[in-house]
Amino acid sequence: MAFPKNFLWGGATAANQCEGGYQEGNRGLANVDVIPYGSDRMAVMTGKLKMLEPDNKHYYPAMEAIDMYHHYKEDIALFAEMGFRTYRCSIAWTRIFPNGDEDQPNEEGLKFYEDLFHECKKYGIEPLVTITHFDCPIHLIKEYGGWKNPILVEFYKKLVTVLFTRYKGLVRYWLTFNEINMILHLPFMGAGLVFEEGEEEETVKYMAAHHELLASAEATRIGHEIDPENKIGCMLAAGVTYPYSCNPADVWKAMEKDRENYFFIDVQARGEYPSYAKKMLERKGIDLHITKEQEALLKANTVDFVSFSYYSSRCASGDANIEQTEGNVMASLKNPYLKASEWGWQIDPLGLRITLNALYDRYQKPLFIVENGLGAVDIPDENGYVNDQYRIDYLREHIKAMDAAINEDGVELLGYTTWGCIDLVSASTGEMKKRYGFVYVDMDDLGQGTLQRRRKKSFEWYKKVIRTNGKDLD
Ligand code: BGP
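First things first, this report covers the structure right here in the doc. (Residues numbered from 1 in each chain as written. Predicted model: local features only at pLDDT ≥ 70, side-chain atom pairs only at ≥ 80, totals over all residues. Heavy atoms only, no water.)

Of the regular secondary structure elements, the chain holds 15 helices and 16 strands. Projected onto its principal axes, the C-alpha positions of the chain cover 60 × 55 × 50 Å. For the chain, the proportion of its 474 residues judged to be buried stands at 62%. Excluding contacts between residues fewer than 6 apart, the proportion of contacts in the chain whose partners are at least 24 apart in sequence is 76%. Element-wise, carbon and sulfur atoms account for 50% of the exposed surface of the chain, whose accessible area totals about 18100 Å². In the chain, 54 side chains carry a positive charge and 71 a negative one; their mean positions are 4 Å apart. (Helix = DSSP H or I, 4+ residues; strand = E, 2+ residues; numbered from the N terminus. Buried < 20%, exposed > 50% of the residue type's maximum accessible area, 1.4 Å probe, protein only. Contact = heavy atoms within 4.5 Å. Areas by Shrake-Rupley, 256 points an atom, 1.4 Å probe, with all protein chains shown as cover. Lys, Arg positive; Asp, Glu negative; His and termini not counted. Charge placed at Lys NZ, Arg CZ, Asp CG, Glu CD.)

Spelled out as structure tokens, the structure:
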């Protein structure tokens, strides 16, 4: 058991799921603010139901979330108490450019993150910053159609130039787009796409993806220019796909499913559209009009490291009649060898080792696990204490898998940030009761609660894991 000396242990959050304060500090309205809790949520996230303004009939959990906007000092102090060496957070685009297309950034928003990063540094915590974690200014959606419009690349360039300049020396680790492959599954959330009657959805999604890939390469270029010390990474919703059986038709299906996801990272890490993707687009009749300049941009600006989220492996078959289960948005077949969380996400620590190896074999770049964890219903006892042994068990097995990948397989892994280190709003369901944290937050699915923070059992456990650099996992 030995993790590298500078291994970055920590936790991860996203602005839209924890910050709240959606109207504070001149912040503008974003897509994530108008994604409601309840039965319309999926339709809005997928761009099938157009909701570009809040209404009185829905509850919108991101608006207040766990109000980290006002609690960040207290929360970072708790992370420091656990010994975090890094904290992954994201920037709300609309705090920096409320509409997205202004000439000048909003000073209050810039100052907010500057203070937050200083607060991290005070404790020796290295910020790991996601530039866009599922957020897009509503104005850019209404006015330009979101990422389907290439002009978004220009607005994004402006955003990253401001961020890299202002936070030079304060932030070194950056991720361009959270779970970039989610655009195919949650296009409103991932790219501000709303589909009009008769619109060719797949074409629009791949076009928007192309623009995000260009924007990501631009960010890598600009980030390196402004400060060569910057480390810029991409981010994949990962989880290897197993063939349901050794039937070659199943093996083929599993490969196809993996390629659907790898496609994005192939471009970001290897610098070009892979041949299978070109053929796939051709077959579908999708022409992205890729220019020579764009090809050169992608080629010259590959990422420094590959980061990913991992919750479970997936399973695919050539036979359409096998039972499905829930997964991180992407449905998978039910794997009879695995147990699942209360939300049906299959638990597979060895799958993490397999995923780490697959990504390292493919890209030969340092990896970073920036999300992993167990979403569970936590029931506080009469003293408000949560004994979340199940979460400890989940994390322990995944840390062992990381250890094996590093020490037995030679994978280069920079760090590990568990998802939702403090309870926050679930991205897929909008619930608060799907909790991931070491810190309990008193808030329910409809925004009722005191917002009080309390340490769970896993808090002390993770503190020990970090203190011993992953040696003591008991
Ligand atoms: C990933 C997202 C996160 C996060 C996590 C857990 O897809 O990057 O934002 O929420 O999944 O998912 P959920 O919140 O749906 O349980």
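Counting 153 residues, the largest nonpolar core has Trp147 and Met402 as its most contacted members. At 12 residues, the largest contribution of residues to this core is made by helix α9 (residues 201–226). Core analysis: the next-biggest nonpolar cluster, separate from the first, contains eight residues, Leu8, Leu175, Phe305 and Phe368 among them. (Core = buried A, V, L, I, M, F, W, Y, C linked by side-chain atoms within 4.5 Å.)

Taken together, 15 residues lie near the ligand, and Gln17, Glu179, Ala427, Ser428 and Tyr436 sit nearest. Here an oxygen atom of the ligand sits 3.2 Å away from a polar atom, N or O, in the side chain of Ser426. Here the ligand, which alone exposes 370 Å², has 99% of that area covered by the protein. Grouping the constituent residues of the shell around the ligand by class yields six nonpolar, six polar and three charged. (Near = heavy atom within 4 Å. Polar contact = N/O pair within 3.5 Å; in protein donor to acceptor, adjacent residues only side chain to side chain. Nonpolar A, V, L, I, M, F, W, Y, C, P; charged D, E, K, R; others polar.)

To continue, consider the layout of surface pockets. For the largest pocket, the calculated volume is near 760 Å³. Sorting elements by how many residues they give to the lining of the largest pocket places helix α10 (residues 248–270) first, with nine residues. When grouped by side-chain class, the residues that make up the lining of the largest pocket number 14 nonpolar, six polar and 13 charged. (1 Å grid on protein atoms, 1.4 Å probe; cavity = no way out; pocket = protein on both sides within 12 Å on 5 of 7 lines; lining within 4 Å. Points joined across faces, edges and corners; volume = space filled by probe spheres on them.)

This brings us to the packing of α9 against helix α12 (residues 292–300). Orientation of α9 relative to α12, taken along the N-to-C sense of each, is 55°, at an axis distance of 9 Å. One element, α9, and the other, α12, form an angle in the oblique class. Crossing geometry of α9 relative to α12 is assigned as left-handed. Here His210, Leu213, Leu214, Ala217, Glu218 and Arg221 of α9 lie close against α12, whose contacting residues are Gln294, Leu297 and Leu298. Here the contact of α9 with α12 is composed, by residue class, of five nonpolar, two polar and two charged. (Axes fitted to C-alpha atoms, helices over the stretch in contact; angles between N-to-C directions. Parallel < 35°, antiparallel > 145°, perpendicular 65-115°, else oblique. Left-handed = near helix turned anticlockwise from the far one by under 90°.)

Moving on, we get to the pairing of strand β14 (residues 413–419). Working note: regular strand, side chains alternate between the two faces of the sheet. A large share of β14 lies buried, amounting to six of its seven residues. Bridge analysis of strand β1 (residues 8–12) against β14 gives five bridges, and the strand direction is parallel. Note that in β14 the partner of Gly11 across the bridge is Thr418. Bridging between strand β13 (residues 367–371) and β14 involves two bridges; their strand directions are parallel. Note that in β14 the partner of Ile369 across the bridge is Tyr416. Of the crossover connections in this fold, the one passing from β13 over helix α14 (residues 389–407) to the parallel β14 is right-handed. (Pairing = 2+ DSSP bridges. Right-handed = clockwise from strand over helix to strand, strands pointing away.)

Moving on: the state of the cysteines. Tallied over the full model, the rule gives zero disulfides. No disulfide involves Cys136; its nearest neighbouring cysteine sulfur is the one of Cys18, lying 19 Å away. The thiol of Cys246 is unpaired, and the distance to the nearest cysteine sulfur, on Cys315, comes to 13 Å. (Disulfide = S-S within 2.5 Å.)

So, about the pattern of salt bridges. Between side chains of opposite charge, pairing is possible as soon as their charged atoms come close. Following the criterion strictly, the structure yields 39 salt bridges and no others. Put simply, Glu225 and Arg221 hold a salt bridge, and the shortest N to O gap is 3.3 Å. A residue pair is termed a helical-turn pair when its members lie 3 or 4 positions apart in one helix, as Glu225 and Arg221 do in helix α9 at four residues. Lys400 serves as the salt-bridge partner of Glu397, at 3.4 Å between the closest nitrogen and oxygen. Remark: Lys400 and Glu397 occur in helix α14; sequence separation between them is three residues, near one turn of the helix. For Glu397, a relative accessible area of 33% gives the class partly exposed. (Salt bridge = Lys/Arg side-chain N within 4 Å of Asp/Glu carboxyl O.)

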